[in-house]
2 protein chains.
Amino acid sequence: MSTSERLIESTRELLWERGYVGTSPKAIQQRAGAGQGSMYHHFTGKPDLALAAIRRTAEEMRAKAEEQFSGPGTVLERISAYLLRERDVLRGCPVGRLTQDPDVVADPALRAPVDETFAWLRARLAALLAEGRERGEFAAALDPDATASTVVAVLQGGYVLARAADSSEPFHRAVEGVLGLLRQQHAR
Amino acid sequence: MSTSERLIESTRELLWERGYVGTSPKAIQQRAGAGQGSMYHHFTGKPDLALAAIRRTAEEMRAKAEEQFSGPGTVLERISAYLLRERDVLRGCPVGRLTQDPDVVADPALRAPVDETFAWLRARLAALLAEGRERGEFAAALDPDATASTVVAVLQGGYVLARAADSSEPFHRAVEGVLGLLRQQHAR
DNA sequence: GTCTATACAGGGATAGAC
DNA sequence: GTCTATCCCTGTATAGAC
């Protein structure tokens, strides 16, 4: 792996673990096994490197979600597969955590990939839910847009609850809860 | 207001805005209009002051939630009142944001108030939901514990989506979505 | 491309005067 | 109780040699 690759990967890890404010160029260099000179040769500075890292993480997150969304089964089955997918719950969401970083949110360039990721997720889930409703899988009263946001929020909030409790239990509860509510829509 | 009071209040604001890592003693002192000496006279250091601030914020959050929970109306009405309460959405949750602070989560003393707050919230909502089910407000199939976690997660995740989009819209969508799902439980 | 040297502000705290 | 001085480390970079 090239030095610039290693720098990006190290930055991705550190942003996930410690956020933007908590990640120093020095820490990045050490983890990547690169010197100062290398880093400032390949990137103009911390924001530039962070941007590359955030873009890649966002892209990866969308790709992984799409795997479940375009998988086999009914809409409810695909949404369940997405929600129940193996996740490193206590580490939280590498994209969602950035929303708590004032320096990320304040910089339009850094916030953009985060914004786009959640916008895409919500739209994709809304389309799925609308398709399910069309097929009679869900009650006509179900609001696809609102419910899509709810589903994404349950995941993001589930991570928060898990980290607060230092246990993945509340995350799984929250997912179970929203799936139960969706199933009731189904069973009517 | 006493100096020590002002230090705590300034810390609360800064923790909310910038998190633990992003908040320096110097910034706290400046906002409080206090010198270094004052701060280190009243508190042993940054963690000590943060603990006082976090405790107070957590307490306040529980008190505000309890206002809605013990208010008038059916269970669904009280939960709706809680979810629809006026909130400063783009600022996020002052307690939930701490879960993204590695230094807070790593320190049992700092994490404790955060943990207790969400544990209390989930238990309180679960009790309400169980009461509603008992009264026939909700389907017998509703799982109070899981649904309680879902409701709390929707709020916490709603904040994440709002900050990502730099708009309170996704927050309100997510709330609307979960309320819709709860109402369907009701209308059956 | 990578290294080392250098710079300078800020973080976080202690010491001692008042 | 509060103030100022001082301390050492880290953050974030720039400069220039190799």
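Residues numbered from 1 in each chain as written. Chains lettered and ligands numbered in written order. Predicted model: local features only at pLDDT ≥ 70, side-chain atom pairs only at ≥ 80, totals over all residues. Heavy atoms only, no water.

**Things to note about the protein's contact with DNA strand D**
In step 1: Close to DNA strand D lie 13 residues, the nearest being Pro 25 and Gln 36 of chain A together with Thr 3, Gly 37 and His 42 of chain B.
In step 2: Within 4 Å of the protein, atoms of DNA strand D come from sugar and phosphate in 67% of cases.
In step 3: Thr 3 of chain B places a side-chain nitrogen or oxygen 3.0 Å from a phosphate oxygen of DNA strand D.
In step 4: Contact distances for DNA strand D include 3.1 Å between a sugar or linking oxygen and a side-chain N or O atom of Ser 38 of chain B.
In step 5: Only helix 2 (25-32) and helix 3 (36-42) of chain A together with helix 3 (36-42) of chain B provide two or more residues apiece to the surface near DNA strand D.
In step 6: The element that contributes the greatest number of residues to the surface near DNA strand D is helix 3 of chain B, accounting for four residues.
In step 7: Here the surface near DNA strand D is composed, by residue class, of two nonpolar, nine polar and two charged. (Near = heavy atom within 4 Å. Polar contact = N/O pair within 3.5 Å; in protein donor to acceptor, adjacent residues only side chain to side chain. Helix = DSSP H or I, 4+ residues; strand = E, 2+ residues; numbered from the N terminus. Nonpolar A, V, L, I, M, F, W, Y, C, P; charged D, E, K, R; others polar.)

**Topic: the interface of chain B and chain A**
In step 1: Each side of the interface is counted separately: chain B has 49 residues, and chain A has 49 residues.
In step 2: Taken together, the two surfaces of chain B and chain A that pack against each other cover about 4100 Å², and 59% of this comes from carbon and sulfur.
In step 3: Three residues stand out in chain B for area buried against chain A, namely Gln 100, Arg 163 and Leu 181 of chain B, and they jointly supply 16% of the buried area on that side.
In step 4: Linking chain B to chain A there are six salt bridges.
In step 5: Linking Arg 122 of chain A and Glu 169 of chain B is a salt bridge whose minimum nitrogen-to-oxygen distance equals 3.5 Å.
In step 6: Counting the contacts that link chain B with chain A gives 12 residue pairs in polar contact (both at pLDDT 80 or more).
In step 7: Looking at the side of chain B that touches chain A, the elements that each hand over two or more residues are helix 1 (3-18), helix 6 (102-106), helix 7 (108-134), helix 8 (144-165) and helix 9 (169-187) of chain B.
In step 8: Grouping the amino acids of the side of chain B that touches chain A by side-chain chemistry returns 21 nonpolar, 13 polar and 15 charged. (Contact = heavy atoms within 4.5 Å. Buried area = accessible area lost by both parts, 1.4 Å probe. Salt bridge = Lys/Arg side-chain N within 4 Å of Asp/Glu carboxyl O.)

**Section: helix 4 (residues 46-69) of chain A**
In step 1: Taking 1.5 Å of rise per residue, 24 residues should cover 34 Å, and helix 4 of chain A covers 34 Å from first to last C-alpha, within 8% of that figure.
In step 2: In the core, the buried residues of helix 4 of chain A are packed alongside helix 1 (3-18), helix 2, helix 3, helix 5 (75-84), helix 7 (108-134) and helix 8 (144-165) of chain A. (Expected span 1.5 Å × (residues − 1).)

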